[in-house]
Protein chains: 2
Amino acid sequence: MSDAKDKPDELSADTTVPKAVVSRLSLYLRELQRLTREGEETTSSTQLGRLLGFTDAQVRKDLAYFGQFGYPGIGYRCHELIHAIKQILGTNQPWPLALVGLGNLGRALTNYKGFGSQGFQLCAAFDIDPTKVGQTIDGIPIFHHDDIARIVKEKNIRLAIVAVPATAAQGVADALVAAGIEGILNFAPVTLGLPKEIHTVGVDLAIELEQLSFAVVSRQAKNG
Amino acid sequence: MSDAKDKPDELSADTTVPKAVVSRLSLYLRELQRLTREGEETTSSTQLGRLLGFTDAQVRKDLAYFGQFGYPGIGYRCHELIHAIKQILGTNQPWPLALVGLGNLGRALTNYKGFGSQGFQLCAAFDIDPTKVGQTIDGIPIFHHDDIARIVKEKNIRLAIVAVPATAAQGVADALVAAGIEGILNFAPVTLGLPKEIHTVGVDLAIELEQLSFAVVSRQAKNG
DNA sequence: TAGATTGTTAATCGATTAACAATC
DNA sequence: TAGATTGTTAATCGATTAACAATC
């Protein structure tokens, strides 16, 4: 399937891709990387689906948005599919990241190794505390908020993580957008108001926990 | 609308509620709380939708899964709707939480104030490091992994946060489930294999960042 | 070949949006 | 009353699943 067959451009989506498909793509990638670590050469839509709780049809349909990656009768070669998904997600290239806010969460993130292996690398941190500015933390230089625009441009940073208190988040986001940032991972518990061309993903611990408490109480309401 | 009208049970869903509805409910709650902090008495489906990027119809439809909370011609009284959503999500009651793993992320969470205000409270932490066990961190007692079952039962803990390395996560999850935990917020970058009656929510920083890199590269592919 | 598995089409299912009578 | 806004039904839209010919 390496050749593009009748598809004009094998790795770019012709039709618009649902958000849910993209997050499953990330899950496939994570699972494929685990399988290769465990020595597997190939896998199948059935196996991937079973490991992640999806149907085999869904796995195949998701991948079909982007091209043909499998071999009928055989399945998918793990390393090939990993390569293809990374290309789709854009993580075959490195992504320098900015981190704004060095409270508890921000400092934990400077130390976090989890996304380094996926091509993301913190290369500038920002805070307003004058005792922090000018220092480095885990090898990452700390700058003042006022330098966001300059540093973002100098280091060609396109994605940023916001880990400041809720009250400061919108101002920080505005500064990042003004500096040319294209995507924001927001840990502050607020919905940011931003131009629609700026991509945002929000992670709010309270909201995640609320999904769990709802699931638990609604299940017990059903079952008595 | 305080009376239940023709609905048999105003706050429990008769039909099964989509996951997406529940997470929007959390967003409505967060926004309503912000509006009341800013002194607003009432709001409307149009205002809530605009603030969060949804249509007004969707806001009303989501709420309609659970009952009638609004006043035609007026909108929603913020404090009433907050109360109702908390009851739906189960967060009108306190939820003691267990935290497993006291690495960078785990320690950041012990200090995090964000979910306390929503009724969630860390009341036991677990680690295997003997220098940590027996200490307290931010007022939270630290126990050994081997005591998970005992402490979970003693403290009536139903929800847990897993913040251990990927390789340890499945074992920890199994221990939590054996101890009677009903829901897990998993920060480890693995899909946990658990009985279907156990609810899990996964938060993986790399995956969130991948959603952003995809959005950025696919947009530029489209626009040139 | 027989068995396995893909990619894709059609059928099903579910979720979102539009529209509007009912209400304040 | 006139204007605003709800709750709900019907129409639209989108996503998932089932089925199967094509392929190895």
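Here the structure is a predicted model, which is why all the values come from computation and not from measurement.

Caption draft 1: Broad picture of the interface of chain B and chain A. On the chain A side, the residues contacting the 63 residues of chain B number 63 residues. Between chain B and chain A, a total of about 5300 Å² is buried, with carbon and sulfur atoms accounting for 70% of that surface. Between chain B and chain A we count two salt bridges in total. Of the charged contacts in the structure, one is a salt bridge between Arg30 of chain A and Asp204 of chain B, with a shortest N-O distance of 2.8 Å.

Caption draft 2: A look at the protein's contact with DNA strand C. Taken together, 23 residues are adjacent to DNA strand C, and Ser45, Arg60, Gln68, Gly70 and Tyr76 of chain A come closest. Taking all atoms of DNA strand C within 4 Å of the protein, the share assigned to sugar and phosphate is 69%. For DNA strand C, a base oxygen lies 3.1 Å from a polar atom in the backbone of Gly73 of chain A. Among the elements of the structure, helix H3 (56-64) of chain A together with helix H3 (56-64) of chain B are those that each provide at least two residues to the surface near DNA strand C.

Caption draft 3: Representation of the UniProt feature "domain: CoA-binding" (unreviewed entry) in chain A in the model. Mapped onto this structure's residue numbering, the UniProt feature "domain: CoA-binding" (unreviewed entry) falls at residues 90-191 of chain A. In residues 90-191 of chain A, the share of helix is 27% and the share of strand is 28%. The end C-alpha atoms are 26 Å apart.

Caption draft 4: Main features of the protein's contact with DNA strand D. With respect to spatial proximity, 23 residues lie near DNA strand D, and among them Ser45, Arg60, Gln68, Gly70 and Tyr76 of chain B are the closest. Within 4 Å of the protein, the contacting atoms of DNA strand D are 69% sugar and phosphate, with bases supplying the remainder. At a separation of 3.3 Å, a base nitrogen of DNA strand D approaches a polar side-chain atom of Arg60 of chain A. In this structure, Gly70 of chain B approaches DNA strand D through a main-chain N or O atom, which is 2.7 Å from a phosphate oxygen. Put simply, the parts of the chain that give the surface near DNA strand D at least two residues each are H3 of chain A together with H3 of chain B. Residue contributions to the surface near DNA strand D peak at four residues, all from H3 of chain A. Across the surface near DNA strand D, the residue classes break down as nine nonpolar, nine polar and five charged.

Criteria and cut-off values
- Here the residue index of a chain counts from 1 through its sequence in written order.
- As a convention, the first chain written is A and the first ligand written is 1, with the rest following in written order.
- Totals for whole chains, interfaces and linings use every residue, but because this is a predicted model, local features are given only for residues with pLDDT of at least 70 and side-chain atom pairs only at 80 or more, for both listing and counting.
- Values reported for side chains reflect all heavy atoms of the structure, with hydrogen atoms and water molecules removed beforehand.
- By definition, residues are in contact when any of their heavy atoms lie within 4.5 Å.
- In this description, buried area is defined as the sum, over both parts, of the accessible area (probe of 1.4 Å) that is lost when the two are combined.
- Whenever Lys or Arg places a side-chain nitrogen within 4 Å of a carboxyl oxygen from Asp or Glu, that contact is recorded as a salt bridge.
- If even one non-hydrogen atom of a residue comes within 4 Å of a molecule or strand, that residue is called near it.
- Distance and chemistry together define a polar contact, namely a pair of N or O atoms within 3.5 Å, with one atom able to donate a hydrogen and the other to accept it when in protein, and with adjacent residues in sequence counting only for side-chain atoms on both sides.
- To qualify as a helix, a DSSP run of H or I must reach at least 4 residues; to qualify as a strand, a run of E must reach at least 2; elements of each kind are numbered from the N terminus.
- UniProt positions are given in the numbering used here, feature names are shortened, and annotations may be inferred rather than shown by experiment.
- Basically, the charged four are Asp, Glu, Lys and Arg, the nonpolar ten are Ala, Val, Leu, Ile, Met, Phe, Trp, Tyr, Cys and Pro, and anything else, Gly included, counts as polar.

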